[in-house]
Each structure stands twice: as structure tokens, then as C-alpha cells.
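Structural overview
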Amino acid sequence: MTAPRILCLTGGIGGAKLARGLMATMPPEDLAFAVNTGDDFTHLGMEVWPDFDTLVYTLAGLANPVLGWGRKDETWAFHEELGRLGGPDWFRLGDRDLALHAMRTQRLREGQPRGTIAQAIVEAFGLRCAIWRAARGELATRVVTAEGELAFQEYFVARQAKPVLTNVRFAPQGAPGPEPDLAACLAENTALEGVIIAPSNPVLSIAPILAVDGLRAMIGACPAPVIVVSPIVGGESIKGPTAKIFAELGREISPVTVAREYKDMIDGIVIDPVDRELAGMIEDMGLACHIAPIVMQDDADKEAVARECLSFIDDLSARKKAP
Ligand code: FO1
């Protein structure tokens, strides 16, 4: 069993950015990622794992830099022909990306567990860090909107996250609970120095991870410091519909809302200097607050944010030791 020093919970493109930064700060064997499975779905008979694949491509240096998802240097012959044939081309599958979905689906049909398939994909892309699907089985995100309940990709891609979101719910299937290696990493891994919740969308990307049976309690019971990087800076979400969704849920668009959301299981939150005046409110909740630039544009930013997370974790460990 691997014994990673740092575990990062991530989903979507924002989380993948921090993951890339973390990879630059330590040997890959010291890093593990727990990825959201809520966006997974079957499309054209193939099983697609968007957040898992986006992270694998990003860490392998193969992500499409413009789209943030899918492959760079991609070709789209399949997608164009699919459209010509009147197929569901609303969800774009590039030719190289398609090979991954086809192989994954074939392995599922052969009865291989999802965890085994995930490990084979990580190795196929030459990665030496652990990337675990948070759920052992399936746990799909269903988006409840003013227009009714939508499957995640229908809401996020087909409808471009435009419908008013009123709630999300999660539909677990198959083996319950977290991926066994993830559970072991949290419960038995004495090498674990810290857990980082990436600046992913709390409602669409992190909530589905925490909805995995028993996981929230395992993280809360983890002896190592647990921190979150705010996905909100200056009243806006850095990327994606986080701010829109917070507004639709009647939540203040602020790092304070994020801190409150995770209060029962984190030790601290990293906020951007523009939100400096909120540090007092966060500390009044009994949480530590680390102030550092957290907007990640280029690789240098990503590494800088990763290093800030690691020094914050060191500070928290020191405080835990010195009563
Ligand atoms: N997002 C889009 O907005 N449009 C797409 O056509 C699309 C295709 C796609 C294919 C493979 C994949 O792994 C991700 C893809 N995504 C697309 C992104 C995906 O919907 C999101 O990355 C996650 O589900 C949420 O972060």
C-alpha cells in the first residue's frame, strides 16, 4: 500500500491546477488524489470519467490547455462524423480521448473493478502518484433545477450550467463507501502529513466526494491537518459556476461560506489577500486562516499555491504538537 504524505481531494479544472502545482513540490509517490466521480456517465455506450481523466491528462502534461479538459493535440474526426450522422455531438469526444473511454468500457464489460481500471490508466499514462476515484462503486451527481432534475453532464455541458440550481443529490450504485486505498490512506497511513481540499466547486465537485458513505467522518477524524483552498476570491469564483450556484442557493459568495461549509472537518482555509478582512470572522469560527495569492494562471502560480498549502500544513502541525 502506498504511504502518501499529502492527500488532495479534487474535481474539475480548478482542482487539477492545484494538483499540477503539488506535483512540482514533492516526489510523486508522496502524493495521492481522491477524485470526484459524480460527473461520470455513460455516453454512446461508453463510460466517461471526466474529473478522473482531466486530472490524469493534466498531471501527464497532456491536457488541452484551452479547454482544460480532454487532450491537447487532439483530432475530432469521430466527433465530426458523429454530428454528420445525427448523433449526440453535444458532448465532444476527441479521437485520442475516445480510445481511453473505449478501453475503460471494455475492461468494465470484462468485470474489472473500477479501482483496478483506474490504477491501470494511471500507470498507462506513466504517473507515479496515486489517483483514486473517491467512490468504490458509482456515485452520480443529480442536479435539481427549477426545470426539474438533470443528469450532471446534461446540466453542466448541454445546458451550460444555465438552469437555476436548487439542490444536488447523489445516486450511489454498486459497492458502497470509498475506494479501499483511500480509506486506508486516511485511517491507517501514519505517513500522512496533511489533507488538502482543492479549490474545486464545493457544490458540484467536492460535495459528491464527501457524499461517499463514511468519507466525511474519516476526513474529520484524520489526525493530520485538513485544509481547504478557497474557490472564491473577492466575491467571485475563480472559474466555473461556483458563484452563480452560491447565489442560487442563497449563500453569500465568500470564503467565509466555504469555511463554514467544511468547518466540522477542517483545521484551516487558505484565502486570497483581497479577502484579508475576512480572516477575523474565519478565526472566530475556530479555524486557522492562511492568507496568500491563490489565483492560478500559469504553472508558477500553481506551484506557489501548492507551496503555500504545504507551509500552512506545517504551521498547523507545529501548533497541534505544541499544545
Ligand atoms: N465540457 C464541455 O463543456 N463540453 C464538452 O463537450 C465536454 C466534453 C468532455 C469530454 C471528456 C471529458 O473528460 C470532459 C469533457 N468536458 C466537456 C468537461 C466536463 O464536462 C467537465 O470537466 C466535468 O464534468 C466538470 O468539471
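Anything mentioned here points back to the structure above.
Report follows, based on the coordinates. (Residues numbered from 1 in each chain as written. Predicted model: local features only at pLDDT ≥ 70, side-chain atom pairs only at ≥ 80, totals over all residues. Heavy atoms only, no water.)

Attention now moves to the site of the ligand. Close to the ligand lie 13 residues, the nearest being Asp39, Phe91, Arg92, Gln153 and Val157. Between Asp39 and the ligand, the recorded distance is 2.9 Å, taken from a side-chain N or O atom to an oxygen atom. Trp69 is positioned with one of its side-chain polar atoms (N or O) 3.3 Å from a nitrogen atom of the ligand. Taken by itself the ligand offers 530 Å² of open surface, and the protein chains cover 91% of this. Put simply, the parts of the chain that give the shell around the ligand at least two residues each are helix 2 (50-59) and helix 6 (152-158). When residues of the shell around the ligand are assigned to their parent elements, the largest contribution, four residues, is made by helix 6. A breakdown of the residues in the shell around the ligand according to their chemical character gives seven nonpolar, two polar and four charged. (Near = heavy atom within 4 Å. Polar contact = N/O pair within 3.5 Å; in protein donor to acceptor, adjacent residues only side chain to side chain. Areas by Shrake-Rupley, 256 points an atom, 1.4 Å probe, with all protein chains shown as cover. Helix = DSSP H or I, 4+ residues; strand = E, 2+ residues; numbered from the N terminus. Nonpolar A, V, L, I, M, F, W, Y, C, P; charged D, E, K, R; others polar.)

Below, the discussion takes up the nonpolar core. Of all hydrophobic cores here, the largest spans 51 residues; its most connected members are Leu7, Leu186 and Tyr262. Here the element with the most residues in this core is helix 8 (residues 202-210); it accounts for five residues. The residues contacting Leu7, other than those within four sequence positions of it, are Ala32, Phe33, Ala34, Trp132, Leu182, Cys185, Leu186, Leu192, Gly194, Val195 and Ile196. With 42 residues, the next largest nonpolar core counts Ile6, Ile117, Ile131 and Ala306 among its residues. (Core = buried A, V, L, I, M, F, W, Y, C linked by side-chain atoms within 4.5 Å. Buried < 20%, exposed > 50% of the residue type's maximum accessible area, 1.4 Å probe, protein only. Contact = heavy atoms within 4.5 Å.)

Backbone geometry places Asp73, a non-glycine residue, at a positive phi of 50°. The topology assignment puts Asp73 in the loop between helix 2 and helix 3 (77-84). Phi angles above zero are rare outside glycine, and Gln160 is one such case at about 50°. Tracing the backbone through its elements, the reader meets Gln160 in the loop between helix 6 and strand 8 (165-173).

Further remarks concern the layout of surface pockets. Space inside the second largest pocket adds up to approximately 290 Å³. As for the second largest pocket, its lining consists of 20 residues, and the residues nearest its centre are Asp40, Phe41, Thr42, Glu138 and Ala140. Secondary structure elements with two or more residues in the lining of the second largest pocket: strand 3 (41-43), strand 6 (138-145), helix 6 and strand 8. Residue contributions to the lining of the second largest pocket peak at five residues, all from strand 6. (1 Å grid on protein atoms, 1.4 Å probe; cavity = no way out; pocket = protein on both sides within 12 Å on 5 of 7 lines; lining within 4 Å. Points joined across faces, edges and corners; volume = space filled by probe spheres on them.)

Counted by the stated rule, this structure contains six aromatic pairs. For the ring pair Trp49 and Phe52, a centre distance of 5.4 Å and an interplane angle of 90° mean the geometry is edge-to-face. Each member of the pair, Trp49 as well as Phe52, carries the same accessibility label: buried. Looking at Arg133, its charged tip hangs above the ring of Trp49, at a distance of 4.1 Å from the centre. We note Arg251 situated over the ring of Phe246; from NZ or CZ to the ring centre the distance is 5.8 Å. (Phe/Tyr/Trp six-rings, centres within 6.5 Å; stacked < 30°, edge-to-face > 60°. Lys NZ or Arg CZ within 6 Å of the ring centre and 35° of its normal.)

On to helix 2, then. Spacing of three or four residues puts side chains on the same side of an α-helix, whose turn is 3.6 residues. Buried residues dominate helix 2, accounting for ten of its ten residues. Positioned one or two residues after helix 2, Gly61 has a phi angle of 70°, which is positive.

A separate point is the sheet that holds strand 6. Spatially, the three strands line up as an open sheet ordered 7-6-8, and their pairing is antiparallel. In the strand order of this sheet, the two ends are held by strand 7 (148-151) and strand 8, each with one partner. Along the sheet, successive strands turn relative to each other by an average axial angle of 30°, direction set aside. Note: strand 6 against strand 7, four bridges, orientation antiparallel. Of the residues in strand 7, the one forming a bridge with Arg142 is Ala151. (Pairing = 2+ DSSP bridges. Axes fitted to C-alpha atoms, helices over the stretch in contact; angles between N-to-C directions.)

For the rest of this paragraph, the subject is the sheet that holds strand 9 (residues 194-197). Here seven strands make up an open sheet; going across it, the order is 5-2-1-9-10-13-14 and the pairing parallel. Looking along the sheet, the strands with just one partner apiece sit at the ends: strand 5 (130-133) and strand 14 (288-291). If you compare each strand with its neighbour and ignore which way they point, the axes differ by 20° on average. Bridge count for strand 10 (residues 226-229) against strand 13 (residues 268-271) is three bridges, and the pairing is parallel. If you follow Val228 over to strand 13, its bridge partner there is Ile269. Its contacts with the sheet put helix 1 (residues 12-23) on strand 1 (6-10), strand 2 (31-35), strand 9 and strand 10, and the angle it makes with strand 2 is roughly 170°.

Bringing the state of the cysteines into the picture now. Cysteine pairs can be covalently joined through their sulfur atoms, and such a bond is termed a disulfide. Using the criterion set out here, one finds zero disulfides in the structure. Here Cys289 stays free of any disulfide, with the sulfur of Cys309 as its closest cysteine sulfur at 13 Å. (Disulfide = S-S within 2.5 Å.)

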